[in-house]
Amino acid sequence: TQGVEMATIDDHAFRDNCGKLKMLSSFSQGNPHLEFVYDFDHPSLAQLNEEYALSELRGKDELECALNVLRWVNTNVYHDGSKDLKTTDSLSILAYAYKNGPDGGVTCFHQSIVLCECLLSLRIHARILHLLPLNPYDFDSHVVVIAYIPSLAKWVMLDPTYNCYC
């Protein structure tokens, strides 16, 4: 049509994302004194460390150790986003998936459970982090792990599905 300027997809995406940011301009204040408790001495963590020789993955510092564990999970626990394993503890997940290739594929959530609990078994503070889409019509999500690295004095995000970190 003559005289009518059509918005490009980039223009639409820009306006859409700006609208989302404006929607989220006021954040609710939760309890700023939330406290996490880490039970490094839980028997299942000791069993996990022993059964899978995780101590051999230690490095010169926590970051090297965390990256060794990240690579170990990515190599030994195959990702298959379509399988819905009902168990949610690393020993059960590894019993199903460890070195089992596509036949033992699990979701990113299950890979993250394994990574998180392996890090905890090595006394590295770690938590699972769910990455949710901002779009209310997008039902896909991704799950990763964050680990605290004292030498960096910060949390590092570890993604066992894609074997990457930031």
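Whatever comes next refers back to the structure up there.
Quick caveat: nothing in here was measured; it's all calculated off a predicted structure. (Residues numbered from 1 in each chain as written. Predicted model: local features only at pLDDT ≥ 70, side-chain atom pairs only at ≥ 80, totals over all residues. Heavy atoms only, no water.)

Asker: Would you mind showing me how to read the nonpolar core here?
Answerer: Generally speaking, a soluble globular protein has its nonpolar side chains buried in company with each other. By size, the foremost hydrophobic cluster in this structure holds 36 residues, and its most contacted members are Leu54, Val69, Trp72, Val114, Leu115, Leu119 and Leu158. The set of elements that each furnish at least two residues to this core consists of α2 (43–51), α3 (62–76), α4 (90–97), α5 (108–121), β2 (142–149) and β3 (154–159). Here this core takes eight residues from α3, the largest share from any one element. The residues contacting Leu54, other than those within four sequence positions of it, are Leu48, Asn49, Trp72, Cys118, Ser121 and Leu122. (Core = buried A, V, L, I, M, F, W, Y, C linked by side-chain atoms within 4.5 Å. Buried < 20%, exposed > 50% of the residue type's maximum accessible area, 1.4 Å probe, protein only. Helix = DSSP H or I, 4+ residues; strand = E, 2+ residues; numbered from the N terminus. Contact = heavy atoms within 4.5 Å.)

Asker: Even after reading the chapter, I still don't get α5, so can you show me in this structure?
Answerer: The α-helix advances 3.6 residues per turn, and as a result positions three or four apart in sequence lie on the same side. Between its first and last C-alpha atoms α5 spans 20 Å; for 14 residues at 1.5 Å apiece the expected length is 20 Å, and the two agree. When you tally the buried positions in α5, you get 12 out of 14 residues, the bulk of the element. Turning to α5, its buried residues number three or more, namely Cys108, His110, Gln111, Ser112, Ile113, Val114, Leu115, Cys116, Cys118, Leu119, Leu120 and Ser121. Summarising the contacts, the buried residues of α5 are in contact with α2, α3, α4, β1 (126–131), β2 and β3. Immediately downstream of α5, the backbone of Arg123 shows phi near 65°, a positive value. (Expected span 1.5 Å × (residues − 1).)

Asker: Explanation requested: the sheet that holds β3 in the structure shown.
Answerer: Across a sheet, strands are paired by hydrogen bonds formed along the backbone, either parallel or antiparallel in direction. One open sheet accounts for four strands, arranged β1-β2-β3-β4; its pairing is antiparallel. One side of each edge strand has no neighbouring strand; the edge strands of this open sheet are β1 and β4 (164–165). For β1 and β2, the ladder comprises six bridges, and the chain directions are antiparallel. Bridged to His130 within β2 is Val143. The sheet contacts of α3 involve β2, β3 and β4, and relative to β3 the element is tilted by about 15°. Those strands touched by α5 are β1, β2 and β3, and its axis lies near 15° from that of β2. (Pairing = 2+ DSSP bridges. Axes fitted to C-alpha atoms, helices over the stretch in contact; angles between N-to-C directions.)

Asker: In this structure, what is going on with the state of the cysteines? I would like to understand it.
Answerer: One way to say it: the disulfide is the covalent bond shared by the sulfur atoms of two cysteines. Applying the stated criterion across every chain, the model contains zero disulfides. Sulfur of Cys164: no disulfide; nearest cysteine sulfur belongs to Cys166 and is 7.1 Å away. (Disulfide = S-S within 2.5 Å.)

Asker: What exactly am I supposed to notice about the side chain of Asn68 here?
Answerer: The residue Asn68 is located in helix α3 in this model. Take Asn68: its relative accessible area is 19%, and that puts it in the buried class.

Asker: How should the packing of α4 against α5 be read in this particular structure?
Answerer: Between two packed helices, both the angle of their axes relative to each other and the distance between the axes serve to describe the pair. Where α4 contacts α5, the axes come no closer than 9 Å and their chain directions differ by 120°. As far as their axial angle goes, α5 and α4 are oblique. Here α4 and α5 pass one another in a crossing that is left-handed. Note on element contacts: α5 touches α4 through His110, Ile113, Val114 and Glu117, opposite Ser90, Ile93 and Leu94. (Parallel < 35°, antiparallel > 145°, perpendicular 65-115°, else oblique. Left-handed = near helix turned anticlockwise from the far one by under 90°.)

Asker: Looking at this structure, I do not really get the pattern of salt bridges. What am I missing?
Answerer: One side chain can pair with another of opposite charge once the charged atoms of both are near each other. Within this structure, the stated rule accounts for three salt bridges. In this structure, the salt-bridge partner of Glu64 is Lys60, at a minimum N-O distance of 3.1 Å. Since its relative accessible area comes to 29%, Glu64 is described here as partly exposed. (Salt bridge = Lys/Arg side-chain N within 4 Å of Asp/Glu carboxyl O.)

Asker: Looking at this structure, how should I read unusual backbone geometry?
Answerer: With the exception of glycine, most residues fall at negative phi, and the peptide bonds are largely trans. The backbone of Arg123 sits at a positive phi, close to 65°, despite the residue not being glycine. Here Arg123 lies in the loop between α5 and β1. By relative accessible area, which is 46% here, Arg123 ends up partly exposed. The phi dihedral of Asn163 falls on the positive side, at around 55°, and the residue is not glycine. On the secondary structure map, Asn163 appears in the loop between β3 and β4.

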